[in-house]
Amino acid sequence: MRTVTLPAPDDVDAWRGAARGLIADDIPPDRVVWQLGDASTDLFAQAAAAPRADPTGAPLRVSRAFLALAGDAALHADPERFALLYAMLWRLRDAPKLAEDHADPLVRRLEGLAKAVRRDIHKMRAFLRFRAVEERGEEEGGTRYVAWFEPEHHIVRANAAFFVNRFASMRWSILTPGVSLHWDGRALSEGPGASRAEAPDGDPVEEVWKTYYASIFNPARVKVGAMLKEMPRKYWKNMPETALVPQLLASAQARESGMIATSRSDMGGNVTAAWEALREEAAGCTRCPLYKPATQTVFGEGPLDAGMMFVGEQPGDQEDLAGHPFVGPAGQVFDRALAAAGITRAETYVTNAVKHFKFEPRGRRRIHARPDAGEIDACRWWIEQEQMLLRPAVTVALGATAARSLFGRTMTISRERGRAQRLPDGGAAWITVHPSYLLRLPDEAAREAEYARFVEDLKAAHASLSSPRLKPGATAGGN
Ligand code: URA
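All of these numbers come straight from a predicted model, not from anything done at the bench.

Turning our eyes to something else, we now look at the overall build of the protein chain. In terms of regular secondary structure, the protein chain is built from 18 helices and 14 strands. Per-residue burial for the protein chain yields a buried fraction of 48% across its 479 residues. In the protein chain, 72% of the contacts between residues at least 6 apart in sequence involve partners at least 24 apart. If you sum the accessible surface of the protein chain, you get close to 23300 Å²; carbon and sulfur atoms cover 54% of it.

Given below as structure tokens:
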């Protein structure tokens, strides 16, 4: 029997090193016990085997998909996670594509763990709230922002870079039961776990949050069920703004009009910083394999207070090289149609449902390939965040991929175009064709007719910015 003692519950590197050593030594999963603790004080533990060359000279190569799965699943609180991951690694020797077999019970179980971890990571980013604490002492001095969070899994260290990026200029501490993180504006340090009692309670920052939240609160988008699902009651007690929800809901109807304008003027700085952090994070996105052959992530562009957001399918060859959306042939058609509809592109925010170029190499050319449902779903994370930050009055889905991403289901463009729709989060949206559809039409007359319809769709969406008749439910025909 081999006992492997890992130094920390989130030490994925230690697991990886030990697992590689065990594979090299040909130790089957049922001969390994995984535990946590201090290996130096464990008399019975054999030190985690250092990675060493496979005796056969052929080191086990695993796919990026497995590494990503392992990186997430290893952070789950399930005590069996390391054993399960090793069992999968063992099977990968004979079945290198196992990670793609989503019907396999072991793969399914690990995917479930990984999903729960990603959700917990998201919750920490969305629901953690800082409170201001005045520090005294010569070296300290000034304000430190302190937050308390109770994660379900071992995600705190994995989330540290996100908070460092987003709150780089603040001095902050995040206290959790397992570990605490401290950022002094230059360096990150760790301390032991803390208790709820050590975290500060209400202070002026709560007022800031309350003002901020009240200003961004959009009653049209509130779905209490969805809110509870996303934001379990467990988190509510740590969030000052939740105290406002009943009151805000009560006056929801009265507050709806004018709210978007108010919120934008109140929160400009926050939105810019959050959007920049988001774009930076997206630049390193590995949520699906499309990032591998692509040159770069092509993120959305445009003013963050734009009234209209346009969502395309994915960057094409030229966008992938330039790093900007809609700059190639489809972009030229789009620009022309916008101008014909009386819309200035500079006033709009333009993004894509999928942020990496998917293509098939053919000789020296890269031929556009349609993103599949899994890739669209993986990338939905970014578009949702863009939507949340910008909260455009109107979103326009250009083509079926964008519509699927925004609505979470397949939409038939011919049936849905020409009238305002309601997005799952309550926002207003319009659906039309993708500009490259126009480029593909072989017949000149059809191309002209379809182009004219496209321009009409854009005009209708634009008109709905100011016309109450064109809110979701009304039709573009004006009735
Ligand atoms: N097609 C798209 O959907 N998006 C782009 O950015 C370019 C072409």
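Let us keep going from here.
Bringing helix 18 (residues 444–463) into the picture now. With 20 residues, helix 18 should reach 28 Å at 1.5 Å per residue; the first-to-last C-alpha distance of 28 Å fits that figure. Turning to helix 18, its buried residues number three or more, namely Glu-450, Tyr-451, Phe-454, Val-455, Asp-457, Leu-458, Ala-460 and Ala-461.

Bringing the confidence of the model for the protein chain into the picture now. Residues with a pLDDT of 70 or more make up 77% of the protein chain, whose mean pLDDT is 82. Low pLDDT (under 50) marks residues 41–57, which in the prediction has 26 contacts with non-local residues, meaning those over four places away or in another chain. Predicted confidence for residues 475–479 stays below pLDDT 50, and this span has 12 contacts to residues more than four positions away or in other chains.

This part takes up the packing of aromatic side chains. What the rule picks out here adds up to 12 aromatic pairs. Note on Phe-130 and Trp-172: the rings are 6.2 Å apart at their centroids and 45° apart in plane angle, and the pair reads as tilted. One end of the pair, Phe-130, is in strand 3 (residues 130–135); the other, Trp-172, is in strand 5 (residues 172–175), with 42 residues separating them in the sequence. Exposure remark for Phe-130: the relative accessible area of 5% places this residue in the buried category. Each ring, one from Trp-275 and one from Phe-299, has its centre 5.9 Å from the other, and the planes form 50°; the classification is tilted. Placement of Trp-275 in helix 11 (residues 259–283) and of Phe-299 in the loop between helix 11 and strand 8 (308–312) is noted, with a sequence separation of 24 residues between them.

Attention shifts here to the pairing of strand 5. Burial along strand 5 is two-sided: the residues Trp-172 and Ile-174 and Ser-173 and Leu-175 are all buried. Here 4 bridges tie strand 4 (residues 142–148) to strand 5, and the two strands are oriented parallel to one another. Bridge assignment links Ala-147 to a residue of strand 5, and that residue is Ile-174. The β-α-β motif built from strand 4, the intervening helix 5 (residues 156–166) and the parallel element strand 5 has right-handed crossover chirality.

Our focus in this paragraph is the packing of helix 14 (residues 373–390) against helix 15 (residues 400–407). One can describe the packing of helix 14 onto helix 15 by two numbers: an axis separation of 9 Å at closest approach and a directional angle of 65°. One element, helix 14, and the other, helix 15, form an angle in the roughly perpendicular class. The crossing of helix 14 and helix 15 is right-handed. Of helix 15, the residues touching helix 14 (which contributes Ala-373, Ile-376, Asp-377, Arg-380, Ile-383 and Gln-387) are Thr-401, Arg-404, Ser-405 and Leu-406. Tallied by class, residues from the contact of helix 14 with helix 15 come to 4 nonpolar, 3 polar and 3 charged.

Another aspect to go through is the site of the ligand. Neighbouring the ligand are the residues Gly-312, Glu-313, Gln-314, Pro-315, Gly-316, Glu-319, Pro-325, Phe-326, Asn-352 and His-434. Residue Glu-313 places a main-chain N or O atom 2.7 Å away from an oxygen atom belonging to the ligand. Here the shell around the ligand is built from residues that sort into 3 nonpolar, 5 polar and 2 charged.

On the basis of which strands lie adjacent, the open sheet formed by 5 strands has the order 9-8-12-14-13 and mixed pairing. Each having just a single partner strand, strand 9 (349–352) and strand 13 (421–422) make up the two edges of the open sheet. By the bridge criterion, 5 bridges tie strand 12 (residues 394–398) to strand 14 (residues 428–432) in an arrangement that is parallel. Each bridged residue has a counterpart across the sheet, and for Val-396 the counterpart in strand 14 is Trp-430. Strands in contact with helix 15 are strand 8, strand 12, strand 13 and strand 14; relative to strand 12, the strand with the most contacts, it is inclined by about 135°.

In this section: the environment of Gly-328. Its place among the elements puts Gly-328 in the loop between helix 12 (317–322) and helix 13 (329–340). When its relative accessible area of 0% is taken as the criterion, Gly-328 is described as buried. The residues touching Gly-328, leaving out its near neighbours within four places in the chain, are Gln-318 and Glu-319.

Bringing the sheet that holds strand 4 into the picture now. The strand order 3-4-5-6-7 describes an open sheet built from 5 strands, whose pairing is mixed. Looking at the sheet topology across the chains shown, the edges are occupied by strand 3 and strand 7 (188–192). If you compare each strand with its neighbour and ignore which way they point, the axes differ by 25° on average. Bridge analysis of strand 5 against strand 6 (residues 179–183) gives 4 bridges, and the strand direction is antiparallel. Among the inter-strand pairings, Ile-174 is bridged to a residue of strand 6, identified as Leu-181.

About the cut-offs
- Residues numbered from 1 in each chain as written.
- Predicted model: local features only at pLDDT ≥ 70, side-chain atom pairs only at ≥ 80, totals over all residues.
- Heavy atoms only, no water.
- Helix = DSSP H or I, 4+ residues; strand = E, 2+ residues; numbered from the N terminus.
- Buried < 20%, exposed > 50% of the residue type's maximum accessible area, 1.4 Å probe, protein only.
- Contact = heavy atoms within 4.5 Å.
- Areas by Shrake-Rupley, 256 points an atom, 1.4 Å probe, with all protein chains shown as cover.
- Expected span 1.5 Å × (residues − 1).
- pLDDT = per-residue confidence, 0-100.
- Phe/Tyr/Trp six-rings, centres within 6.5 Å; stacked < 30°, edge-to-face > 60°.
- Pairing = 2+ DSSP bridges.
- Right-handed = clockwise from strand over helix to strand, strands pointing away.
- Axes fitted to C-alpha atoms, helices over the stretch in contact; angles between N-to-C directions.
- Parallel < 35°, antiparallel > 145°, perpendicular 65-115°, else oblique.
- Left-handed = near helix turned anticlockwise from the far one by under 90°.
- Nonpolar A, V, L, I, M, F, W, Y, C, P; charged D, E, K, R; others polar.
- Near = heavy atom within 4 Å.
- Polar contact = N/O pair within 3.5 Å; in protein donor to acceptor, adjacent residues only side chain to side chain.

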